[in-house]
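So the chains spell out like this:
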Amino acid sequence: MSEFVFLYRRPAQESMEKWQAWFKKMEQSGHLANYGQPLEPKGGRLVKDKKGGYSDGPYAETKDIVVGYSVIAATDYDEAVALTLEHPIFDQEGMIEIRPIFKL
């Protein structure tokens, strides 16, 4: 089984009750490899070069700020996508970016 990072992107905060129910379902089905963490909605920096040049972010005008991540176990991209379909983030017009983890 492969592992995928789910990056949660959404415009606004919502109750965590629906998220907790979704995580419980993923855990019970053996797909939750790591709960991950929520990220601070304000602050952050984008480092641009080896000299340490950066810009502040995320920006207020950004509508799809990454607000957290989880690590999900799935056989392939198709299953990873299928596992997102009941996530409550879509009720708030949020998105989930799926990225495979490269094992070293």
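Let us look at the structure shown here. (Residues numbered from 1 in each chain as written. Predicted model: local features only at pLDDT ≥ 70, side-chain atom pairs only at ≥ 80, totals over all residues. Heavy atoms only, no water.)

Most of strand β5 (residues 66-74) is tucked away: 7 of the 9 residues are buried. Of the pairings in the sheet, the one linking strand β1 (residues 2-9) to β5 comprises 8 bridges and is antiparallel in character. Bridge assignment links Tyr 8 to a residue of β5, and that residue is Gly 68. Looking at chain direction, strand β2 (residues 32-34) and β5 are connected through 2 bridges and run antiparallel. Each bridged residue has a counterpart across the sheet, and for Asn 34 the counterpart in β5 is Val 71. (Buried < 20%, exposed > 50% of the residue type's maximum accessible area, 1.4 Å probe, protein only. Helix = DSSP H or I, 4+ residues; strand = E, 2+ residues; numbered from the N terminus. Pairing = 2+ DSSP bridges.)

The subject of this paragraph is the packing of aromatic side chains. The geometry of an aromatic ring pair comes down to the distance between the two centres and the angle between the two planes. This model, assessed by the stated rule, comprises 6 aromatic pairs. Residues Phe 4 and Tyr 77 carry aromatic rings whose centres are separated by 5.4 Å and whose planes lie at 50° to one another, so their mutual orientation is tilted. Remark: Tyr 77 occurs in helix α2 (residues 77-84) and Phe 4 occurs in strand β1; sequence separation between them is 73 residues. Ring geometry for Phe 6 versus Trp 22: centroids 6.4 Å apart, planes at 35°, classification tilted. Of the two residues, Phe 6 sits in strand β1 while Trp 22 sits in helix α1 (residues 17-28), which places them 16 residues apart along the sequence. Trp 22 carries the same exposure label as Phe 6, and that label is buried. (Phe/Tyr/Trp six-rings, centres within 6.5 Å; stacked < 30°, edge-to-face > 60°.)

In short, the description is geometric, and any link to function would need to be established separately.
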